[in-house]
Amino acid sequence: MSNSDFTPRDTFGSKFGIIAAAAGSAVGLGNIWKFPYVAGQNGGGAFLIVYLLFIIAIGLPVMMSEFSIGRRAQRNAIGSFKKLAPGSPWYLVGVMGVAAAFLILSFYSAVAGWTLEYISKSVTNAFAGKNESELNLMFGNFISGTWRPLFWQLLFMIFTVWIVMAGIKKGIEKYTKVLMPLLVVIIIILCIRSLTLPGAGEGLAFLFRPDFSKLTTDAVLGALGQAFFSLSLGMGTLITYGSYIGKQYNLSGTVIQVSATDTIIAIMAGIAIFPAVFAFGIDPAEGPGLVFITLPNIFQQMPGGYFFALVFFVLLAVAALTSSISVLEVVVAYFVEELHISRKRATMIAALMISVLGVFCTLSFGVMSEVTIFGLGFFNLMDFTASNLLLPLGGLFIVLFVGWVLGAERSRNEISNQGTLRVGYFPVFMFLVKFIAPFAITLVFIYGLGLLRL
Ligand code: PFF
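In this report, the structure presented in the accompanying data block is examined. (Residues numbered from 1 in each chain as written. Predicted model: local features only at pLDDT ≥ 70, side-chain atom pairs only at ≥ 80, totals over all residues. Heavy atoms only, no water.)

## What about the overall build of the chain?
Consideration 1: When helices and strands are counted, the chain shows 17 helices and zero strands.
Consideration 2: On C-alpha atoms alone, the chain measures out to a radius of gyration of 21 Å, which is about the 22 Å that the 2.2 N^0.38 rule sets for 454 residues.
Consideration 3: Considered along the principal axes of its C-alpha atoms, the chain spans approximately 65 × 45 × 45 Å.
Consideration 4: Taking all 454 residues of the chain together, the buried fraction comes to 60%.
Consideration 5: Contacts spanning at least 24 positions in sequence make up 81% of the contacts within the chain whose residues lie at least 6 apart.
Consideration 6: As displayed, the chain has an accessible area near 17300 Å², and 69% of this comes from carbon and sulfur atoms.
Consideration 7: In the chain, 27 positive and 20 negative side-chain charges are present, and the distance between their average locations comes to 11 Å. (Helix = DSSP H or I, 4+ residues; strand = E, 2+ residues; numbered from the N terminus. Rg over C-alpha atoms; globule rule 2.2 N^0.38 Å. Buried < 20%, exposed > 50% of the residue type's maximum accessible area, 1.4 Å probe, protein only. Contact = heavy atoms within 4.5 Å. Areas by Shrake-Rupley, 256 points an atom, 1.4 Å probe, with all protein chains shown as cover. Lys, Arg positive; Asp, Glu negative; His and termini not counted. Charge placed at Lys NZ, Arg CZ, Asp CG, Glu CD.)

Pasting the structure below:
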């Protein structure tokens, strides 16, 4: 018997704390850095429609499944499967999740580090008077360097460690309760600024008007990967957070609020970015550099640009931080509960291991740019493996587990708080997790990998 069987587990202290932490995990670089450029490259509104369909038909049931597994088991991602299906290989789903956490945080912290550099550039007014190609060069020079990007990446990891080490209530919940409202205020300010620029309508049309000709197979797999990544699904983050949710809270309400917040903020990021892009006549399909090259270019031409640039990069950093803590927590909870390491040591060890991988991600833009594995640089390899392979595969097994192993009776019990809540939607949920979500994920997955041609 482990220590954790005797000491009560840390939990979230309030409903708002649960939402702030879970939405904090979901809302991140995926929404503000990735979503706008992925949507931009894949047909704007057409991508948005597919994305929303995936959120509803797959995202909601997977999120509900993760919360139910975690809250029922009161364990980390691996321990939850061990407890609910003892002696079976299901725990390997958790193992895959912990592995995904390592990969994700290694490249996530690299980009998060860039946001810190760009906060410092905003403070020193480094974008002033620079044109697009100079800003492009500035970004290229920075990310292909060695010490500067590594410094910011490690600093970001230290912030993450600081919060996770303090625990659930006194760390994750305490900080996300302040940072998430701050993020909402900042993004509203940025949307208002963007919408009041001349020519905003064109940007909105780009974001919302569907162009189905750009909706390729890759775009559809991309939309699924993005839905998983953005909602923090498929790797046990929400199993872990679910295990800190008290039995009295309504899980379905939490699922809806977290998914809605995540989706609305992704769309708001698009609204903050595209009207400005069009107002200044810039190519909207700029790619990953959109927020680090295009936006500084726009900011420095726009009234109040100094202030808005600073606010924007603070927004990015805050969003990244509330997500990275949830990724690290997946590993830490596993180390603490299964390997019986103290939280403090577990956090340090996990962060150190991830940082080593992270160094390779950062260097893959610079001195290691020639090194490729399966044709991908280290950064892209981590991103692709985690977002397009491990997360959808994890999500698939998670819904199968709830649908076919945990089963209707135990699931209904968990979701209805032992029969005290009305759950009229339950048959629909069961149908989604047993059939629709597994089928859809499998189809998109094998089709996207080129294993099937329709
Ligand atoms: N959802 C985060 C984002 O959109 O940036 C990233 C993320 C966090 C992915 C936690 C996966 C995860 F488990």
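On we go from here.
## Here's the deal with the site of the ligand
Consideration 1: The immediate surroundings of the ligand are formed by 15 residues, with Ala 26, Gly 30, Tyr 108, Phe 229 and Thr 237 found nearest.
Consideration 2: Contact between the ligand and Gly 30: an oxygen atom at 2.7 Å from a main-chain N or O atom of the residue.
Consideration 3: Considered on its own, the ligand offers 340 Å² of accessible surface; in the complex 100% of this is hidden by protein.
Consideration 4: Looking at the shell around the ligand, the elements that each hand over two or more residues are helix H1 (15–26), helix H2 (29–41), helix H10 (217–230) and helix H14 (305–338).
Consideration 5: Here the residues of the shell around the ligand are counted per class, giving six nonpolar, nine polar and no charged. (Near = heavy atom within 4 Å. Polar contact = N/O pair within 3.5 Å; in protein donor to acceptor, adjacent residues only side chain to side chain. Nonpolar A, V, L, I, M, F, W, Y, C, P; charged D, E, K, R; others polar.)

## Some details on a nonpolar patch on the surface
Consideration 1: The grouping of Val 123, Val 185, Ile 189, Tyr 306 and Phe 307 at the surface amounts to a nonpolar patch, some 440 Å² of accessible area in total.
Consideration 2: Those elements that place two or more of their residues in the nonpolar patch are helix H8 (168–195) and H14.
Consideration 3: Within the element layout of this structure, Ile 189 appears in helix H8. (Patch = residues over 30% accessible without salt bridge, like charges linked within 9 Å, V, L, I, M, F, W, Y side chains within 5 Å. Salt bridge = Lys/Arg side-chain N within 4 Å of Asp/Glu carboxyl O.)

## Comments concerning the nonpolar core
Consideration 1: Counting residues in hydrophobic clusters, the biggest one holds 163 residues, and the most contacted among them are Phe 12, Trp 33, Ile 104, Phe 292, Phe 312, Phe 313 and Leu 316.
Consideration 2: For this core, the element with the most residues is H14, which contributes 21 residues.
Consideration 3: Among all residues touching Trp 33, those that are not within four sequence positions of it are Val 111, Pro 288, Val 291, Phe 292, Leu 316 and Phe 379. (Core = buried A, V, L, I, M, F, W, Y, C linked by side-chain atoms within 4.5 Å.)

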